[in-house]
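Descriptive structure summary
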Amino acid sequence: MAKALDGIRVIDLTVWFQGPVAGQHLADFGAEVIHVERPHGGDFGRGVRTIKALPVGDWNQYFLVINRNKKSMAINLKQPSGQEILHKLVAESDVFLSNLSADNLASWHLTYDELKVINPGLVYAMSTGYGPHGTIDKPSFDMTVQALTGLMSRIGEPGQPPIYLGMGSGDAIGGLMAAYGILLALHNRRRTGKGQYIDASLYGAQLFLAAPTLSGYLAGEERFARQQSRKSPDNPLSNVYETSDGWIFLCMPNDDASWRTLCGSFDDEDIAADARFDTAGKRGENVEALVEALDGIIEQRTTDEWMERWRPLGIVASPINNLRDLEGDPQAWENEYLVETYCEEVQRNVNVRGLPVTLSKTPGVVETLGPELGQHTEQILVDTLGYTWEQVGELKEEGAIL
Amino acid sequence: MTSALDGLIVIDATSEFFSSLGVALLADFGADVIRIDNGERRLSADYHDRLANRNKRSVSLDLGLDAGRAALRDMVAKSDVFVTDAGLSTLAERGLDYATLSAAEPDLIYARASGFGPKGPDNDLPPLDELAAARTGMMPILPQPGQPPVYPQIGGMYTAVMLAFGVMTALHHREETGEGQEVDVSLLAGNMYGASLDLQAYLAIGGERFLHPVSRMDAGNPMSGTLYMTSDGLWVTLTMPDTDRWWPDLSEIVGLGVGDSRFNSHELRCEVNRLELIDELAKAFEREPADHWRKTFTERQMSADIIERYDFPVQDKQAYDNRYILEADGGAPKTLGFPIFMAETPAEMKRAAPRIGEHTDEVLSDLLGLTEDQIAEAARS
């Protein structure tokens, strides 16, 4: 089947998560993405098990999923012959993607100024920490940058510690943003023939992630910077409530029709008649009392019982699931947001995060999990770059390739 | 200066913040985005409207009327991309489903921002981020143990970028082959993508550990992903997964000996004496204020920082130098800028969010060649 990005070749000189996941989005839709790694140990993401950076299963799910559908070349970029390989690859590629430091790239002769001479049509995409301009010069990781945005301090109950939005939550938006930027630059190149330098930083992407509330703060609503208790929400009908066996997210507008419908689902008739709650304005004024009253009612039944009562009444709500529930959710499987694929490392099928963007005629696909280190070095040297087998042998002897 | 998407015509029939913002990502880079507005209030918050509808034109059409729907179909026929976040049944009723629109225009890119995707039993649930976040499985594990589940309110932002990315992917294919298609991006997919690593770790490892919150005093690696309070009540976070690399610096700044026999290997720090190290670090960070720690981290180029509030980026020069936040302009407040830098075709603020129907006459006459009488018939006055 045809793929949307057939014919696009990407040099993916990235490590960890933010850079690799940008390449993953392109590879899922058929771009030929070549993950270029150092011969000794490869991408740091291969080593997460040893350094206990995060929990890893019996297969390295961290590295293998974000580098799926890619090829791997192991090249020693400290050697001139290694740099020459990369320069030849640049001449044959559409995109150069990296999240390495500018110092590293400069010392290996991989700056934009050097590469655009080799290939003026090259899209040179950086995934930096803090953007191409300005004065900040310090290491960036997902969470240290998320810390600066203000996002972490505004969620959860007042007085509780800040909350990290999940492992890789910032890298995920940074990488996706870079993938979008690359397609913009490729589109522009189609008309002008020219490539360009682009950057999608962790800081910029995570400020975008904060848009729902940061935009309100910028407009002068300071409360958006602070934690807000579920006991005093803006809208008591859109709030989390504890049931007898879990939690439920009630998602209704605070209008009188919704209120009457909701009251109709309760056995307790007092609340429907309670004058403190009979208009939207009063429900706002007496929000704490209302949440307390709803807590008292909703905790008496199970989540399933409420869902069964509410669904036919058109009351919009959802059980608050955990990750196990998600793994069993047919909606996630039918849309291929979760897929099963073969894992060489453990010689069995495994479940992986699937394809979040659905294209009807040229869908993304998970064909292979991440490659072995240097799995495609020789193939690309010979087939794409025209090296002879003798030359490949020499490069190996010099230590320029694995 | 030219823009990356000059000449691309997009019909934007969205009505939610996240989906309108996804289309704004196309407009910021030069697409001619024409909003279809219904003569009602657009987004419930003005600050959302300003951000999500900037750089767009607005046409007021009553889609309840045959003439309004006909004008919309004619506009779509002159366009490259149609974006909607309406339900499948509503779209079918109005003759705005993919089958109808693509019959007249096979190369159309038809994008739908949905709640739960194009297939499955819940493919017509409303596009509410709260519902999707609840389904994703992260809400129970974000807070400290014993706390209520947390709604992070960010899933729609992943979906917004996925929308722009999906449209561009389909456009690339169309430029190569002439073939249009449907694109669907959902809030469920966006929330799941944002949860990538926790979700993938659960899928690979299973068990109970990803189903319940973990206390900050029980972190798997005391030096990575951890939170410590400072003497002035702020919080420090460390991201030093490779503890061998960072231990010499960290041990020194917190006053533990680099050779402290309790902690002088990765194994001791992350396994044997993990809880003791967390405890020592918690005590050490509480001895000095946040300013002291930031200065120290910066001097030593350490991967650690202070957890700020929104006042920080709003006064951070870095955010303005990179146009992530734009200065107040002529009475309009500060606003979020552009997360992607393009050297040759930068995003631009060409026009503020339009009044509803501000460009009705202009667009209907330019794009469709309608006369004044025909326009009056199609548009709600």
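Bear in mind the structure is a predicted one, so any value in this text is a computation, not a measurement. (Residues numbered from 1 in each chain as written. Chains lettered and ligands numbered in written order. Predicted model: local features only at pLDDT ≥ 70, side-chain atom pairs only at ≥ 80, totals over all residues.)

What to know about the overall build of chain A
Within chain A, the regular secondary structure consists of 18 helices and 12 strands. The C-alpha extent of chain A, read off along each of the three principal axes, is 90 × 50 × 45 Å. Residue burial in chain A is summarised as follows: out of 402 residues, 52% are buried. The long-range share in chain A, meaning contacts at least 24 apart out of those at least 6 apart in sequence, stands at 70%. (Helix = DSSP H or I, 4+ residues; strand = E, 2+ residues; numbered from the N terminus. Buried ≥ 20, exposed ≤ 12 C-beta atoms within 10 Å, placed from the backbone. Contact = placed C-beta atoms within 7 Å.)

Some remarks on the interface of chain A and chain B
The interface of chain A with chain B comprises 118 residues on the first partner and 122 residues on the second. For the side of chain A that touches chain B, the element with the highest residue contribution is helix α7 (residues 169-192) of chain A, accounting for 15 residues. In the sheet, strand β12 (residues 357-359) of chain A pairs with strand β6 (residues 181-186) of chain B via 3 bridges, with the strands oriented antiparallel. Looking at the pairing, L359 of chain A lines up with V183 of chain B of β6 of chain B. (Pairing = 2+ DSSP bridges.)

Some points on the pairing of strand β4 (residues 95-98) of chain A
All names here are of chain A. Side chains V95 and L97 of β4 all project onto a buried face; the interleaved residues F96 and S98 project onto the opposite face, where all are buried too. Summarising the sheet, strand β1 (residues 9-13) and β4 pair through 4 bridges and their orientation is parallel. Paired with D12 across the strands is L97, a residue of β4. The pairing of β4 with strand β5 (residues 123-126) spans 4 bridges and is classified as parallel. For L97, the partnering residue across the bridge sits in β5 and is A125.

Concerning the pairing of strand β3 (residues 71-74) of chain A
Residues and elements named next belong to chain A. Residue alternation in β3 divides its side chains into two sets, K71 and M73 and S72 and A74, and both sets are buried. The sheet contact formed by strand β2 (residues 32-37) and β3 spans 4 bridges and is parallel. What sits directly across from V36, in β3, is M73.

Here's the deal with the sheet that holds strand β8 (residues 235-239) of chain B
Residue and element names in this part refer to chain B. Pairing is antiparallel in the open sheet, where 3 strands are placed in the order β7-β8-β9. In the strand order of this sheet, the two ends are held by β7 (224-229) and β9 (304-306), each with one partner. For this sheet, the mean angle separating the axes of adjacent strands, direction not counted, is 20°. Sheet analysis places β8 next to β9, joined by 3 bridges and oriented antiparallel. Bridging from a neighbouring strand, V236 pairs with I306 of β9. Against the sheet, helix α12 (residues 274-285) touches β7 and β8, its axis set at about 45° to β7. (Axes fitted to C-alpha atoms, helices over the stretch in contact; angles between N-to-C directions.)

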